[in-house]
Amino acid sequence: MTVATHPGAAEADAAQIVLNTIRRPVIMIGPEGNITFANADAEDFFRSSAAGLSRKTLAHFMPFGSPILALVDQVRARKAPVNEYRVDVSSPRIGIEKVVDLYVAPVPEFPGSVVVMFQERSMADKIDRQMTHRSAARSVTGLAAMLAHEIKNPLSGIRGAAQLLETAVSDEDRALTRLITDETDRIVSLVDRMEIFSDERPIDRYPVNIHVVLDHVKAIAKNGFASQIKILEDYDPSLPPVYANRDQLIQVFLNLVKNAAEAVGNVPGGEITLSTAFRPGIRVSFPGTQDRVSLPLEFCVKDNGPGVSEDILPILFDPFITTKPNGSGLGLALVAKIVGDHGGIIECDSTPRGTTFRVLMPAWRNVSAAPEGEAKGDHS
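Attention here is on the structure that accompanies the text.

1. Looking at the environment of glutamine 228
Here comes step 1: Positionally, glutamine 228 belongs in the loop between helix H9 (210–222) and strand E7 (230–234).
Here comes step 2: We classify glutamine 228 as exposed; its relative accessible area is 74%.
Here comes step 3: Once the C-alpha coordinates of glutamine 228 and glycine 265 are considered, the two residues, 37 residues apart in sequence, prove to be 9.5 Å apart.

2. Quick look at the sheet that holds strand E9 (residues 271–278)
Here comes step 1: Reading across the sheet, the five strands line up as E7-E9-E12-E14-E13 and stay open at both edges, with mixed pairing between neighbours. The two strands at the open ends of the sheet, each matched to only one other strand, are E7 and strand E13 (345–351). The average angle at which neighbouring strand axes cross in this sheet is 15 degrees, direction not considered.
Here comes step 2: Inspection of the sheet shows E7 paired to E9 by five bridges, in the parallel sense. Bridge pairing in E9 links lysine 230 to glutamate 271.

3. Side note on the packing of H9 against helix H10 (residues 246–264)
Any two packed helices are characterised by how steeply their axes cross, that is the angle between the axes, and by the distance between the axes.
Here comes step 1: Running from N to C, H9 and H10 point in directions that differ by 45 degrees, and their axes come no closer than 9 Å. One way to sum up the angle between H9 and H10 is to call them oblique. Here the hand of the crossing between H9 and H10 comes out right-handed. Every residue of H10 that contacts H9 at Ile210, Val213, Leu214, His216, Val217, Ile220 and Ala221 is listed here: Arg246, Leu249, Ile250, Phe253, Leu254 and Val257.
Here comes step 2: Split into classes, the residues belonging to the contact of H9 with H10 amount to eleven nonpolar, one polar and one charged.

4. A short note on the packing of aromatic side chains
Here comes step 1: With the rule as written, the count across this model stands at six aromatic pairs.
Here comes step 2: Look at tyrosine 243 and tryptophan 364: their rings are 5.3 Å apart centre to centre, the planes differ by 45 degrees, and that puts the pair in the tilted class. Here the residue tyrosine 243 occupies a position in strand E8 (residues 242–244), and tryptophan 364 occupies one in the loop between strand E14 (354–361) and helix H12 (372–375), the gap between them amounting to 121 residues.
Here comes step 3: Relative to phenylalanine 299, the ring of phenylalanine 253 has its centre 6.1 Å away and its plane inclined at 65 degrees; by these criteria the two rings are edge-to-face.

What counts, and at which threshold
- Residues numbered from 1 in each chain as written.
- Predicted model: local features only at pLDDT ≥ 70, side-chain atom pairs only at ≥ 80, totals over all residues.
- Heavy atoms only, no water.
- Helix = DSSP H or I, 4+ residues; strand = E, 2+ residues; numbered from the N terminus.
- Buried < 20%, exposed > 50% of the residue type's maximum accessible area, 1.4 Å probe, protein only.
- Pairing = 2+ DSSP bridges.
- Axes fitted to C-alpha atoms, helices over the stretch in contact; angles between N-to-C directions.
- Parallel < 35°, antiparallel > 145°, perpendicular 65-115°, else oblique.
- Left-handed = near helix turned anticlockwise from the far one by under 90°.
- Contact = heavy atoms within 4.5 Å.
- Nonpolar A, V, L, I, M, F, W, Y, C, P; charged D, E, K, R; others polar.
- Phe/Tyr/Trp six-rings, centres within 6.5 Å; stacked < 30°, edge-to-face > 60°.

Here's what the structure looks like:
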């Protein structure tokens, strides 16, 4: 596709590259309603290749009576662009809970053709959900402080009593005293993990090179839990430093990569992709402040595993939510707390073809004044 009436090959290639660079699904509808062009994001959105889309009409993918079909007809008839907001395009073919903003415009160079650009409403809605995640993390903070005080001390006494009993009971009963000791240690370990949530000290933040962090995480993964899994990189080398704590970022992405590795499991051709990008335009207001925080840095951990079940997805970052047989459900809750403490946002997009954890973070705003070592994230 190109906007020229008689484009040369070079112009057509350039137009294709430009449209594939746009991080929004874009399609062109021909006069007969067939899909004559789809960029790369549209292929993902419609779960079909461009060749497959070219054999279908837009109506094939839309729910019955969808207003988008009427919008296309309206634009074609009036030859004027239209914006429409919060249009539900959910259907079995492209997925449930698909709500989008639409920009529909005629293409004068191709009479009867219309271009449709989709913008999923998920980001605004996910930001709202992120506030819920933070509330959940705050509830765990209070619970952790209470558990540390009210439970660990009695557990220490129980463990000591079990050890004394072990020396005075029969071999048959000794197995029971060891069970008491082991289970007590397990509960103490869980409480120790929860104590992290009660740490309200200010974060020591500085400019960090996210690629140094991700390379470190990748090295740990490849030498351990992801030794048999292919890990790909899709980095923006011009990305400015992130304003964060290096050690806590390592903890965040180590958790996310470990989750991805467990999701991929034994899937043939299983892969994990680490990506970074600059996404201007995301600004968030947080409760209790008038400031709007810019979150232009996007870091993603993507896997091609079977995805997260739809009933778990909305509460994935809540504490004690887990699908693992021996999981505590605190890993992602801790990730959400750390990201939230940095003023960032984390969300999860999942389909049966894979899962993407997306972290949006603030950039270091004084790059030119930062010492050279700090700008490269050289902090230990």
